[in-house]
Amino acid sequence: MSPSRKSSATSYKISFRDRFRTALKLHKENSIQTLLDILRQPTNSLMTILVLAIALALPSAFYLFMTNAKAVSQSWDGGVKMALYLDDSTTEKQAQDLLTQLNLRPEFKQVTFVSKEDALTEFKDYSGFGDALDYLDNNPMPFTITLEPTSSFSDPEQLEALAQELAGLQQVDQAKLDSDWIKKYNSILDISEQIATFVSAMLALGVLLIVGNTIRLAILNRREEIQVIKLVGATDAFIRRPFLYAGFWYGLIAALLAALMVNIVFVLLKQSTSQLAQLYSSEFSLLGLAPSFTLGLLVIGALLGLTGAWVSVRKHLKDINPQ
Amino acid sequence: MIEFHQVFKRYEGGHEALKGVSFGLPRGEMAFLTGHSGAGKSTLLKLIALMERPTRGQIILDDINISNVKDRQIPYHRRKIGMIFQDHRLLFDRTVYDNVALPLIIAGVSDRDIPKRVRAALDKVGLLNKERQLPIQLSGGEQQRVGIARAVVNKPPLLLADEPTGNLDPELSEDIMNLFAQFNQVGVSVLIASHDLGLIARMKHPLITLKEGRAIRNELAEVDFA
């Protein structure tokens, strides 16, 4: 074999280092090129990106709503009060003893005694029966002790357990928490959260499908080019790479846009909610998207784009073979 | 370089393109494949490049039985083969330079070597001054030369050409054929499918004539594989 023959037969071998370097270079080139392609064709890609952004903004808005709704309910939890209605047979002395005991407990910041007379007066004022109650032979009201838990002792479950414990005391007829409506509110929140999670999952699936379809069209557009580069020895990885980057960029740009949209809505709402909170003399202030959530949104967006592109590329590149 | 052992190819739908073809192309040899259209020339070339798989029989390329080449390895298999087509198969949105550089980029050749090798290939086909142009700005003969430059830029040991002169006038055709002969002289094995019988006769290289999937004239059948 002549030297020239030898060189022609071996020259297609390339060192590992060059291969690695070229792969890095290709990643850099592919990523920049696909980004430029997307930005350069705003009419083609803008619609897709907008749809993706809306699909990503909705779950973020749900999340923002849920965080704030939970924050509202937490600010109420601190204000829960408990009422102990004492047994009819309880004497004033026994009631006072109980009061002293309760005062010693660390769970309560305030313990108030309501005498039978005070309770009746209060009932007269609020019930609207007024003077009709004067015809009663004796005062039907029980002694009442109202308890205000400390803020460190505001967990609904803890309070529930405490109420049961106190209800078990000898003189106590009933222990009532005024948190029943907060429970209802919280269970409505739970249901809303489940619905929001479900809708968000649907929207994420939508993002996958939209990116997948966009990439499918891009692949079909470049069908002939793909055939040619397959003929000159391109591996699937080489052909796949630009499409995967395109999907990645679509997802990432859409997520950025979604974060922007939600933040704009947040700024618009913040003003009016703080006014509303003032009317209720509440210190509640609307919570925005945490930086960690925004970061998570970008990562999820990029991953969804990448996954959508991956699914599409796997399905469609196989079908394109040189003829 | 290439060995065919009783190769059959039946396409889906029942068309039998090759019916038991056997031949051997020695390393560094140049040969022609002729026959009417539909005789099986293109199929034979496609089998070598693994664009199709044979239904029966063995194909050995560079001492490797290509039936054993898995789909994933096909790209590496194709890098050993420079392919030239009647319709050039150039990328029309890229310059001549970029078209020729494509196989090098795909193979992972380093940046510093690419310009040198692209220009060497363009120089061989006489298009060094057209590297910045788009294929559409070139004549048919020039486009075919770009296709040849792209096929040889990676210095493959084998060139396959399917009707490379099909669209060219006789003078240009002869130029193209002489180009192949030059590559053959530096050790590249060449197999050209063509029905330009006059030109082939002047080139004085071994000939295989296919008719309805059979080799009716075979100057490369010294070894009886059957």
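Residues numbered from 1 in each chain as written. Chains lettered and ligands numbered in written order. Predicted model: local features only at pLDDT ≥ 70, side-chain atom pairs only at ≥ 80, totals over all residues.

### Brief notes about the overall build of chain B
Consideration 1: Of the regular secondary structure elements, chain B holds seven helices and ten strands.
Consideration 2: Projecting the C-alpha coordinates of chain B onto the three principal axes gives extents of approximately 50 × 40 × 35 Å.
Consideration 3: Counting across all 226 residues of chain B, residues that qualify as buried make up 45%.
Consideration 4: Expressed as a percentage of contacts within chain B between residues at least 6 apart in sequence, the contacts between residues at least 24 apart total 69%. (Helix = DSSP H or I, 4+ residues; strand = E, 2+ residues; numbered from the N terminus. Buried ≥ 20, exposed ≤ 12 C-beta atoms within 10 Å, placed from the backbone. Contact = placed C-beta atoms within 7 Å.)

### Description of the overall build of chain A
Consideration 1: Per the secondary structure count, chain A includes ten helices and four strands.
Consideration 2: Expected size for 323 residues packed as a compact globule is a radius of gyration near 20 Å; at 34 Å, chain A overshoots this value by more than 25%.
Consideration 3: Projected onto its principal axes, the C-alpha positions of chain A cover 125 × 40 × 30 Å.
Consideration 4: Of all 323 residues assigned to chain A, the portion counted as buried reaches 24%.
Consideration 5: The contacts in chain A between residues at least 6 apart in sequence include a share of 85% that link residues at least 24 apart. (Rg over C-alpha atoms; globule rule 2.2 N^0.38 Å.)

### Quick look at the interface of chain B and chain A
Consideration 1: Facing 26 residues of chain B, the contacting portion of chain A comprises 24 residues.
Consideration 2: Those elements that provide at least two residues to the side of chain B that touches chain A are α2 (74-78) and α3 (96-107) of chain B.
Consideration 3: Counting residues per element, the side of chain B that touches chain A draws most heavily on α3(B), at four residues.
Consideration 4: Here the side of chain B that touches chain A is built from residues that sort into 14 nonpolar, five polar and seven charged. (Nonpolar A, V, L, I, M, F, W, Y, C, P; charged D, E, K, R; others polar.)

### Observations regarding the pairing of strand β1 (residues 2-10) of chain B
Residues and elements named next belong to chain B.
Consideration 1: Where β1 and strand β2 (residues 16-25) come together, seven bridges link them in antiparallel fashion. Of the residues in β2, the one forming a bridge with Ile-2 is Leu-25.
Consideration 2: Adjacent in sequence and paired antiparallel, β1 and β2 are bridged by five residues, among which Gly-13 carries a positive phi angle near 100°. (Pairing = 2+ DSSP bridges.)

### Here we look at helix α5 (residues 140-152) of chain B
All names here are of chain B.
Consideration 1: Helix length check: α5, at 13 residues, gives a terminal C-alpha distance of 19 Å against a target of 18 Å (1.5 Å per residue), a fit within 8%.
Consideration 2: Regarding α5, the residues found buried are Gln-143, Gln-144, Arg-145, Val-146, Gly-147, Ile-148, Ala-149, Arg-150, Ala-151 and Val-152.
Consideration 3: Those residues of α5 that are buried are in contact with β6 (81-85), α3, α4 (114-124), β7 (158-162) and α6 (170-185). (Expected span 1.5 Å × (residues − 1).)

### Comments concerning the domain arrangement of chain B
Residue and element names in this part refer to chain B.
Consideration 1: One can read the domain layout of chain B as domain 1 (1-80 + 157-226) and domain 2 (90-155).
Consideration 2: Computed over C-alpha atoms, the centres of domain 1 and domain 2 are 24 Å apart.
Consideration 3: Each partner contributes residues to the interface: domain 1 has nine residues there, and domain 2 has nine residues.
Consideration 4: Residue contributions to the side of domain 1 that touches domain 2 peak at four residues, all from α6.
Consideration 5: Residues of the side of domain 1 that touches domain 2, tallied by class, amount to seven nonpolar, one polar and one charged. (Domains from an automatic or database assignment.)

### Side note on the domain arrangement of chain A
Consideration 1: Along its sequence, chain A is carved into domain 1 (25-75 + 184-317) and domain 2 (81-178).
Consideration 2: Its C-alpha centre places domain 1 of chain A at a distance of 54 Å from the equivalent point of domain 2 of chain A.

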